[in-house]
Number of protein chains: 2
Amino acid sequence: MAPNLNANKAEVSYLPQPALNRIANMGIFDTSCEGHQILEKIANKWTILIIYALTQGKKRYSDLKQQIVGISPKMLVQNLRSLERSGLIERKVFPTVPPRVDYSLTALGASLAEPLAILGEWAYQHIPDVNKAAKQYDNSPESKGFWEPK
Amino acid sequence: MAPNLNANKAEVSYLPQPALNRIANMGIFDTSCEGHQILEKIANKWTILIIYALTQGKKRYSDLKQQIVGISPKMLVQNLRSLERSGLIERKVFPTVPPRVDYSLTALGASLAEPLAILGEWAYQHIPDVNKAAKQYDNSPESKGFWEPK
DNA sequence: CTGAATCCAGGCGGATACTG
DNA sequence: CAGTATCCGCCTGGATTCAG
């Protein structure tokens, strides 16, 4: 946070100021760094969607399974456990028959919802931009002979 | 955007207001939705790290390879191509010998850097929280007999 | 209903060797 | 230097079945 704006960045001025300066120098690029590991954990498709869903309020297992289209029970449970273990969601079991389990965001999980929501909004807002870029890329000469990544 | 604060959310009041209301109802949970696909594309480890690195300014291939610890040439190129195709980064080739290639963020990519930075900052700020939760979880009775997810 | 267990294919992703 | 090509292990993740 100290204003050590060193002069070794001449041409690029598009950096978002506050956040990135700190991040870059904190070992985020190193696998052994805990921040890296947490980032890796939350930066995956299913995790994000689960957080999104739970932001609407507590939900049952079957609700999540229905809302998150295409998720297999295995992946759902796996990610739910992962999130629970990290303290992002809470799992509440009702000893009834048939059983009932509610999942909800913890305070920690709720604090993550905001950043993830911003990310999701970005995705929506830039659909046309990405499509346009993809179309241009396909018509460019360098798109010939490249193994399609994904 | 209209203030339709319907009353069907009684107990949970932790939702971040602005972003999530829109996201949830826009098919983000559906694989066929373009927003979903873009999100899936940017929400992966290597992509995020590449964006982070390039936020510091334009970099050469070898610079990226060195900075992003543990990335293989295959993954690096694959993700670079993916990002280029989506219009997030620009690839500039210098016809010199030995060859030189610079990668840099486009305006679109720069606009994504901010959300990603926020996410990365969240990861760092909550390292202790996640660790504490994990420790508690391990000591809880329900952590017995569960297949460790990741 | 909420998962657990098992099976299995596809692809992610690392290692290596090789080009212009 | 900046990739490309190839091989391949392994793990993700889907499908299915079963249990409490």
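Residues numbered from 1 in each chain as written. Chains lettered and ligands numbered in written order. Predicted model: local features only at pLDDT ≥ 70, side-chain atom pairs only at ≥ 80, totals over all residues. Heavy atoms only, no water.

Once that is clear, we can look at the relation of the copies chain B and chain A. Superposing chain B onto chain A takes a rotation of 180° plus a shift of 0.0 Å along the axis, which leaves an RMSD of 0.1 Å. These values place the two chain copies in the arrangement generated by a two-fold rotation axis. Relative to the rotation axis, the closest C-alpha in chain B is found at A43(B), a distance of 2.5 Å. (Least-squares fit on C-alpha atoms with pLDDT ≥ 70 in both.)

This next bit is on the packing of helix 6 (residues 107-125) of chain A against helix 2 (residues 34-42) of chain B. In contact at an axis separation of 8 Å, helix 6 of chain A and helix 2 of chain B are set at 125° when each is read in the N-to-C sense. Looking at the two axes, helix 6 of chain A sits oblique to helix 2 of chain B. For the element pair helix 6 of chain A and helix 2 of chain B, the recorded crossing hand is right-handed. Touching L119(A), G120(A), W122(A), A123(A) and Y124(A) of helix 6 of chain A are G35(B), I38(B), L39(B) and I42(B), all from helix 2 of chain B. Residues of the contact of helix 6 of chain A with helix 2 of chain B, tallied by class, amount to 7 nonpolar, 2 polar and no charged. (Axes fitted to C-alpha atoms, helices over the stretch in contact; angles between N-to-C directions. Helix = DSSP H or I, 4+ residues; strand = E, 2+ residues; numbered from the N terminus. Parallel < 35°, antiparallel > 145°, perpendicular 65-115°, else oblique. Left-handed = near helix turned anticlockwise from the far one by under 90°. Contact = heavy atoms within 4.5 Å. Nonpolar A, V, L, I, M, F, W, Y, C, P; charged D, E, K, R; others polar.)

Buried within helix 2 of chain B are the following residues: G35(B), H36(B), I38(B), L39(B) and I42(B). An end-on view of helix 2 of chain B places all buried positions within 165° of arc, on one side of the element. Buried positions along helix 2 of chain B lie against helix 3 (45-55), helix 6 and helix 7 (127-139) of chain A together with helix 3 (45-55) and helix 6 (107-125) of chain B. (Buried < 20%, exposed > 50% of the residue type's maximum accessible area, 1.4 Å probe, protein only. Arc of directions from axis to C-beta.)

Once that is clear, we can look at the interface of chain B and chain A. Counting residues at the interface gives 84 residues for chain B, matched by 84 residues for chain A. Buried area between chain B and chain A, summed over both chains or domains, comes out near 7,900 Å², and the portion from carbon and sulfur atoms is 70%. The tally of links between chain B and chain A comes to 4 salt bridges. Residue D138(A) pairs with R85(B) through a salt bridge whose shortest N-O separation is 2.6 Å. (Buried area = accessible area lost by both parts, 1.4 Å probe. Salt bridge = Lys/Arg side-chain N within 4 Å of Asp/Glu carboxyl O.)

To continue, consider the pairing of strand 2 (residues 89-94) of chain B. Across a regular strand the side chains alternate sides, sitting on one face of the sheet and then on the other. In this structure, strand 2 of chain B lies alongside strand 3 (residues 100-105) of chain B, joined through 6 bridges in antiparallel fashion. Directly across from K92(B), in strand 3 of chain B, lies its bridge partner D102(B). (Pairing = 2+ DSSP bridges.)

The subject of this paragraph is the confidence of the model for chain A. All names here are of chain A. Scored by pLDDT, chain A comes out at a mean of 83, with 79% of its residues at no less than 70. Within chain A, no element has a lower average pLDDT than helix 1 (residues 17-24), which sits at 65, and none a higher one than strand 3 (residues 100-105), at 97. Contacts for the low-pLDDT stretch residues 1-13, under 50 throughout, to residues beyond four places or in other chains number 6 contacts. Confidence over residues 145-150 falls short of pLDDT 50; this stretch has 9 contacts with residues more than four positions distant or in other chains. (pLDDT = per-residue confidence, 0-100.)

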